[in-house]
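# Geometric and topological summary
Single-letter residue listing:
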Protein chains: 2
Amino acid sequence: METQKIGYLGPKGTFTKMAVDSLFDGGEFVSFDTIPACLDAVEAGEIDTGVVPLENAIEGSVHLTIDYLIHQVNQAIIAELTVPIRQHLLTHPEYDEHDITEIHSHSHAIAQCHQYLHKHYPEAAIHYTASTGRAAEIVREKGVHAAAIGNHLAAEMNGLNILEGNIHDYDNNHTRFAVVQKEPKTLKVKDQPVKKHKTTVMVTLPQDYVGALHQVLAAFAWRKMNLSKIESRPMKTGLGNYFFLVDVDQPYDQVLFPGVQQELEALGCRLKVLGTYPSYEIETSSPVMK
Amino acid sequence: METQKIGYLGPKGTFTKMAVDSLFDGGEFVSFDTIPACLDAVEAGEIDTGVVPLENAIEGSVHLTIDYLIHQVNQAIIAELTVPIRQHLLTHPEYDEHDITEIHSHSHAIAQCHQYLHKHYPEAAIHYTASTGRAAEIVREKGVHAAAIGNHLAAEMNGLNILEGNIHDYDNNHTRFAVVQKEPKTLKVKDQPVKKHKTTVMVTLPQDYVGALHQVLAAFAWRKMNLSKIESRPMKTGLGNYFFLVDVDQPYDQVLFPGVQQELEALGCRLKVLGTYPSYEIETSSPVMK
């Protein structure tokens, strides 16, 4: 097998990179600065596989992933990864850590640790950085009296101590990543448990009419197809026009899904399958676990 | 009437501040660094009213708004604002603008202008900043060969030229903001047209069972209540437990909504009204319009 070439939303030290390291068994890894740049590279055939955040990520605008997959490129979701978000307070190993007067991180990470910071460091000055990785670099360079908020990979890469682990306000905070391909190629993955198989479909309504969504869901419900997520998103053709993204908790099959599709098309809807795929749940290898 | 005290997700020059300026007729405006900090200040009574992004914002993690409103504070949505996202290429007025070698902005803004940058400035170095406002400051300080991506307010506040307007890849890209209060106080707003009245409810399911969402929607559908948005969100109690946020396109009333609530409670669901409110659609006063 050729070396698999995997692109991801970088930079190094992000949660996306942690997800990539946990799932893939070898390969060439390419960091991209934005979600569109990563998906464009998949589209152009420069990389075989892309990994981008789908939901609840720190670094990326997640609606952008869905919108780009639907409007700009023609790619399938071939796997999903779920990774817990764990934020730590990182300090320079050579300095006294008990007098922190400034805290650096991405605004989303600061917001995720809002209550912790309010309780323990109400007087510290908050400095916003472009990424959690950049915050860790600043603390490495600056050292004294400074702390960063970031994950354990950012700590490792910058030689920082984890002064306190798991300082995020919410437990059970996860990020979902989509693994996408244009041409189907086999993935070489580590021995990770597959939690379940899912299928993601997009349903477009002919117009905004009362009860339309209810009719759409009826086509799934009477077949006893369980939906684990549903979200309405605006079409880019103006306000008030919506499509629906639906996650079905079963693999695509040749009976139930075509049946749903025929029923919906008879109602004037369109259904597009964005992917049918295994869902991996990754526990990070962080030494700091709650 | 006392001076209204309005908090918003800052810093100055953000899309949130543009929304605030467009809607409110006077008052004292207080900038907050994070969504939780703004909502905490409303909760503590330090400000009367908070304005935070609900959907598709550049600066904020938007799921955070919903999660914080549901889990951390007890506040009602009393109005909604929709504002178009328009990104411009900003340069220093004293330098030749035709030799741009570096572009500064927040990663989300860079991503939103991905195709424009790819076409017009494929060779420029991209520098990520903590906000679009900060990017404009850098260009003001640095000047030559540098451009920022940001809105017209950031241009005005930093004395920059709009070299090219509306460089975002998608038209019809809007951000929704929620106006929240703990104690109901009258808002003093400019003469803005109310597009419609909406009611946002949260529905919690007793367990993850096949067809549950379909049953929930049936309670709205047979009453001919139109839903303009529906989104499932994970509860913070673990993966696989979801609640649903539903936007209903009508004001709360004493017949239909209590009827829905009784039906859903009979099914073992809980329904909580997060707010019933006017929806304002703001056109920015930008001189650069498509």
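Just so we're clear, the structure is a prediction, and the values are computed from it rather than from any experiment.

## Re the overall build of chain A
Within chain A, the secondary structure is distributed over nine helices and 14 strands. Looking at the 290 residues of chain A, the share that counts as buried comes to 59%. Within chain A, counting contacts between residues at least 6 apart in sequence, those at least 24 apart form 76% of the total. Within the structure as shown, chain A displays about 11,500 Å² of accessible surface, and the carbon and sulfur contribution to it stands at 48%.

## A few points about the sheet that holds strand 9 (residues 161–164) of chain A
Residues and elements named next belong to chain A. With mixed pairing, five strands are arranged side by side in an open sheet as 7-6-8-5-9. Two strands in the sheet have a free side with no partner beyond their single neighbour: strand 7 (125–128) and strand 9. Strand-to-strand twist of the sheet, defined as the mean angle between neighbouring strand axes without regard to direction, takes the value 35°. In the sheet, strand 6 (residues 102–105) pairs with strand 8 (residues 146–150) via three bridges, with the strands oriented parallel. Residue pairing for strand 8: E102 is matched across the bridge by A146. Along the sheet, helix 6 (residues 132–142) contacts strand 5 (88–91), strand 6 and strand 8; its crossing angle with strand 8, the most-contacted strand, is approximately 155°.

## So, the nonpolar core
Inside soluble globular proteins, nonpolar side chains tend to come together where they are buried. F220 of chain A together with F220 of chain B are the most contacted members of the largest nonpolar core, which totals 40 residues. Not counting the four nearest positions on each side in its chain, F220 of chain A is found in contact with V201, M225, L227, V246, V248, V260 and L271 of chain A.

## Digging into the pattern of salt bridges
Throughout the structure, instances matching the rule amount to 28 salt bridges over all chains. Across the salt bridge formed by D247 of chain A and K198 of chain A, the nearest N and O atoms sit 3.4 Å from each other. Residue D247 of chain A is located in strand 13 (residues 242–248), and its partner K198 of chain A is located in strand 11 (residues 194–204); the two are separated by 49 residues in the primary sequence. Like K198 of chain A, D247 of chain A is buried. In this structure, K198 of chain B engages E80 of chain B in a salt bridge whose closest nitrogen and oxygen atoms are separated by 3.0 Å. Residue K198 of chain B is found in strand 11 (residues 194–204), and its partner E80 of chain B is found in strand 4 (residues 76–84); the two are separated by 118 residues along the sequence. Given the relative accessible area of 5%, K198 of chain B is considered buried.

## Concerning the environment of Y170 of chain B
Residues and elements named next belong to chain B. Of note, Y170 is situated in the loop between strand 9 (161–164) and strand 10 (174–181). A residue is classified by how much of its surface remains accessible, and Y170, at 12% relative accessible area, is buried. Y170 sits 55 residues away from Q115 along the chain, and the two C-alpha atoms are 9.7 Å apart.

## Details of the packing of helix 8 (residues 212–221) of chain A against helix 8 (residues 212–221) of chain B
As a packed pair, helix 8 of chain A and helix 8 of chain B sit with axes 9 Å apart at the nearest point and diverge in direction by 150°. It follows from the interaxial angle that helix 8 of chain A and helix 8 of chain B lie roughly antiparallel. Crossing angle aside, the handedness with which helix 8 of chain A passes helix 8 of chain B is left-handed. For the pair formed by helix 8 of chain A and helix 8 of chain B, the contact residues are L213, H214, L217, A218 and A221 of chain A on the first element and L213, H214, L217, A218 and A221 of chain B on the second. Looking at the contact of helix 8 of chain A with helix 8 of chain B residue by residue, the class counts come to eight nonpolar, two polar and no charged.

## Comments concerning the UniProt feature "site: Essential for prephenate dehydratase activity" (unreviewed entry) in chain A
The UniProt record annotates "site: Essential for prephenate dehydratase activity" (unreviewed entry) at T175 of chain A. With respect to the helices, strands and loops of the structure, T175 of chain A is situated in strand 10 (residues 174–181).

## Observations regarding the sheet that holds strand 6 (residues 102–105) of chain B
Residues and elements named next belong to chain B. Spatial ordering of the open sheet is given by 7-6-8-5-9, a layout of five strands whose pairing is mixed. Only two strands of the sheet have a single neighbouring strand rather than two, namely strand 7 (125–128) and strand 9. For this sheet, the mean angle separating the axes of adjacent strands, direction not counted, is 35°. In this fold helix 6 (residues 132–142) packs onto strand 5 (88–91), strand 6 and strand 8 (146–150), with an angle of close to 155° to the strand it touches most, strand 8.

## Some details on unusual backbone geometry
All names here are of chain A. In the Ramachandran plot, H145 falls in the positive-phi region, its phi being about 65° despite a non-glycine side chain. Along the polypeptide, H145 turns up in the loop between helix 6 and strand 8. On the basis of relative accessibility, which here comes to 31%, the residue H145 falls in the partly exposed class. Phi at K224 is positive, roughly 55°, even though this residue is not glycine. Tracing the backbone shows K224 in the loop between helix 8 and strand 12 (227–234). Assessed through its relative accessible area of 63%, K224 is described here as exposed.

## What to know about the packing of helix 2 (residues 35–43) of chain B against helix 3 (residues 62–71) of chain B
All names here are of chain B. Closest axis-to-axis distance for the helix 2/helix 3 pair is 10 Å, and the angle between their directions is 30°. As far as their axial angle goes, helix 3 and helix 2 are roughly parallel. Judged by the twist between their axes, the crossing of helix 2 over helix 3 is right-handed. Along its contact with helix 2, which presents I35, P36, L39 and D40, the element helix 3 presents L64, T65, Y68 and L69. Grouping the constituent residues of the contact of helix 2 with helix 3 by class yields six nonpolar, one polar and one charged.

Parameters at a glance
Residues numbered from 1 in each chain as written. Chains lettered and ligands numbered in written order. Predicted model: local features only at pLDDT ≥ 70, side-chain atom pairs only at ≥ 80, totals over all residues. Heavy atoms only, no water. Helix = DSSP H or I, 4+ residues; strand = E, 2+ residues; numbered from the N terminus. Buried < 20%, exposed > 50% of the residue type's maximum accessible area, 1.4 Å probe, protein only. Contact = heavy atoms within 4.5 Å. Areas by Shrake-Rupley, 256 points an atom, 1.4 Å probe, with all protein chains shown as cover. Pairing = 2+ DSSP bridges. Axes fitted to C-alpha atoms, helices over the stretch in contact; angles between N-to-C directions. Core = buried A, V, L, I, M, F, W, Y, C linked by side-chain atoms within 4.5 Å. Salt bridge = Lys/Arg side-chain N within 4 Å of Asp/Glu carboxyl O. Parallel < 35°, antiparallel > 145°, perpendicular 65-115°, else oblique. Left-handed = near helix turned anticlockwise from the far one by under 90°. Nonpolar A, V, L, I, M, F, W, Y, C, P; charged D, E, K, R; others polar. UniProt positions renumbered as here; feature names shortened; annotations may be inferred.

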